[in-house]
Amino acid sequence: METHRFLGIALSFVPGMDASLVRHMEEAGVTVEEFFSSSQQELAGRLGVKSSPVVDKMVRDEALFKARKETEFMERHGITSLSITDDDYPSRLTDIDKAPLTLYRLGSADLDADNMFSIVGTRHATSYGVRYVSSLVEDMAPYFPGLVIVSGLALGIDSAAHEAALKAGLPTVAVVAHGLNTIYPAVNRDLARRIIAAGGAIVSEYPSGVTPYRSRFLERNRIVATMTDAVLVAESAEKGGAMSTAAVASSYGRELLALPGRIGDEMSAGCNRLIRSQKALMAGSAAEMISMLGWQPKSVKMPPKQRDLFPELTGKEKSIYDALRFSQQPMPVDAIRERTGISIHELMASLGEMEFDGILERLPGNRFALIPY
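Our subject in this report is the structure included herewith. What you are looking at is a predicted structure, and each value in this text was computed from that prediction instead of being measured.

Cut-offs applied
Residues numbered from 1 in each chain as written. Predicted model: local features only at pLDDT ≥ 70, side-chain atom pairs only at ≥ 80, totals over all residues. Heavy atoms only, no water. Core = buried A, V, L, I, M, F, W, Y, C linked by side-chain atoms within 4.5 Å. Buried < 20%, exposed > 50% of the residue type's maximum accessible area, 1.4 Å probe, protein only. Contact = heavy atoms within 4.5 Å. Axes fitted to C-alpha atoms, helices over the stretch in contact; angles between N-to-C directions. Helix = DSSP H or I, 4+ residues; strand = E, 2+ residues; numbered from the N terminus. Left-handed = near helix turned anticlockwise from the far one by under 90°. Nonpolar A, V, L, I, M, F, W, Y, C, P; charged D, E, K, R; others polar. Pairing = 2+ DSSP bridges. Phe/Tyr/Trp six-rings, centres within 6.5 Å; stacked < 30°, edge-to-face > 60°. Lys NZ or Arg CZ within 6 Å of the ring centre and 35° of its normal.

1. Brief notes about the nonpolar core
Across soluble globular proteins, you tend to see nonpolar side chains buried next to one another.
Point 1. Of all hydrophobic cores here, the largest spans 72 residues; its most connected members are Met17, Phe35 and Phe36.
Point 2. Once residues within four sequence positions are removed from consideration, Phe36 is found in contact with Leu7, Ala10, Leu11, Val14, Arg60, Ala63 and Leu64.
Point 3. Among the nonpolar cores identified, the runner-up in size contains 31 residues, and Phe117, Val137, Ala165 and Leu170 belong to it.

Encoded structure:
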């Protein structure tokens, strides 16, 4: 392993070292080599941190020892590293306050690809959320063959996102909350193997031997939220890991999207709240998502989605269908609400479902029309 890369790993073993202090080192002109080779007095003077334990020679030597043990493990298992002092460190992470000092990577996925998209959600996913994620990734793949799908390898929506990427031939990155000597949850070990074999990667900021722990999942979420261009919350209750990921993504200016669901559905409550509070854009078709993200896709023709000739609708969807069927022109949301008497929140959720099912389409000006048979 290159000396600079080894020392970058060693930095992450120094207690009290963080991204802000690494930036301070750079501003003070202290290289990572000088950090480990300088005397305690010299280093304290150059950094202006005389009382900080990070300059203690014994602390720095212990970090070097741990780094040697870690690199031995990495070399045995084919793990590579990307440290904050390396030129190939993911650019999207460089400016966040709590940037991970080192990312350990098992696999070959590019963590700095042109287009990266995070999909997160509840472990208790419904068929509605899984179906949407699968369809969305499948539809986006022809536009962006190098698109990297990022998630957290958890059950539910996370697994659905990774599976959808594999099915569409896209690389996918699973960010985990433990060392790469294991996979959690164990049931997803086969999925992890397939991710790596397909050109994806399992990524962690934790060295080998670190076990999954509740707080580490929250720490992991900040990486999922910020190493991509946008985050989609596919399904979530009012509280949960996906909502914490959404909050981090929003705070760092990442595009945040949420899949609307029926009012009263527990696993859509968080998404509906994000949309209602205007913290997230309402997720729609692949074309709409690409437009909202401002990405420039390849020029390709997408095959139309197949659907039943005569949709069997009931309740609110039937009322919306009839209103649009007897209208001479596309209808704005307010007109549909007036015609059907459906509350605005329930209406937007139903419109989103019918759009996803290929029954209607959204037109400029937030107008809707049935898709001709």
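Picking up after the structure, the text goes on.
2. Concerning the packing of helix 7 (residues 157-168) against helix 8 (residues 189-197)
Point 1. Interaxial distance between helix 7 and helix 8 falls to 11 Å at its minimum, and their mutual angle equals 35 degrees. The handedness of the crossing between helix 7 and helix 8 is left-handed. Along its contact with helix 7, which presents Ser159, His162, Glu163 and Leu166, the element helix 8 presents Leu191, Arg194 and Ile195.
Point 2. Among the residues making up the contact of helix 7 with helix 8, the classes are represented as three nonpolar, two polar and two charged.

3. Here we look at the pairing of strand 12 (residues 367-370)
Point 1. One ladder, built from two bridges, connects strand 10 (residues 331-332) with strand 12; its direction is antiparallel. Counted as the bridge partner of Met331 is Phe368 from strand 12.
Point 2. Both strand 11 (residues 360-363) and strand 12 contribute to a ladder of four bridges, which runs antiparallel. Counterpart to Leu363 in the pairing with strand 12 is Arg367.

4. A look at the packing of aromatic side chains
Each aromatic ring pair is specified by the distance between its two centres and by the angle formed by the two planes.
Point 1. Within this structure, the stated rule accounts for four aromatic pairs.
Point 2. Summarising the aromatic geometry, the rings of Phe35 and Phe36 are spaced 5.0 Å apart at their centres and angled 90 degrees between planes, so their arrangement reads as edge-to-face. Judged on exposure class, the residue Phe35 and its partner Phe36 are both buried.
Point 3. Arranged with centres 5.2 Å apart and planes meeting at 75 degrees, the rings of Phe144 and Trp295 form a pair that is edge-to-face. Of this pair, Phe144 sits in the loop between helix 6 (127-140) and strand 4 (148-151) while Trp295 sits in the loop between helix 12 (286-293) and helix 13 (315-325), and the two are 151 residues apart along the sequence. Take Phe144 and Trp295: they sit in the same class, and that class is buried.
Point 4. Put simply, the rings of Phe117, Phe144 and Trp295 pair up and form one aromatic cluster.
Point 5. Here the guanidinium or amino end of Arg60 rests over the ring plane of Phe35, the centre of that ring lying 5.9 Å away.

5. Concerning helix 13
Every α-helix carries 3.6 residues per turn, so stepping three or four residues along brings you back to the same face.
Point 1. Buried within helix 13 are the following residues: Glu317, Ile320, Tyr321, Asp322, Ala323 and Leu324.
Point 2. If you follow the buried residues of helix 13, they end up packed against strand 10, helix 14 (333-340), helix 15 (344-356), strand 11 and strand 12.

6. Things to note about the sheet that holds strand 10
Point 1. Pairing is antiparallel across the open sheet formed by three strands, whose spatial order is 10-12-11. Among the strands making up the open sheet, the edge pair consists of strand 10 and strand 11.
Point 2. Packing against the sheet, helix 13 makes contact with strand 10, strand 11 and strand 12, and its axis sits at approximately 90 degrees to strand 12.

7. Notes on helix 11 (residues 269-276)
Point 1. Considered for burial, the residues of helix 11 that qualify are Gly270, Cys271, Asn272 and Leu274.
Point 2. Buried positions along helix 11 lie against strand 7 (230-233), helix 10 (241-251) and strand 8 (255-258).

8. Here's the deal with the sheet that holds strand 9 (residues 281-282)
Point 1. Taken in spatial order, the nine strands make up an open sheet running 1-2-6-5-4-3-7-8-9, and their pairing is mixed. Strands at the two margins of the open sheet, each flanked by one partner only, are strand 1 (80-83) and strand 9.
Point 2. Judged from the three bridges that link them, strand 5 (residues 172-175) and strand 6 (residues 201-204) form a sheet pairing that is parallel. The partner of Val173 across the bridge, within strand 6, is Ala201.

Remember that the coordinates give geometry; whether it matters functionally is a separate question.
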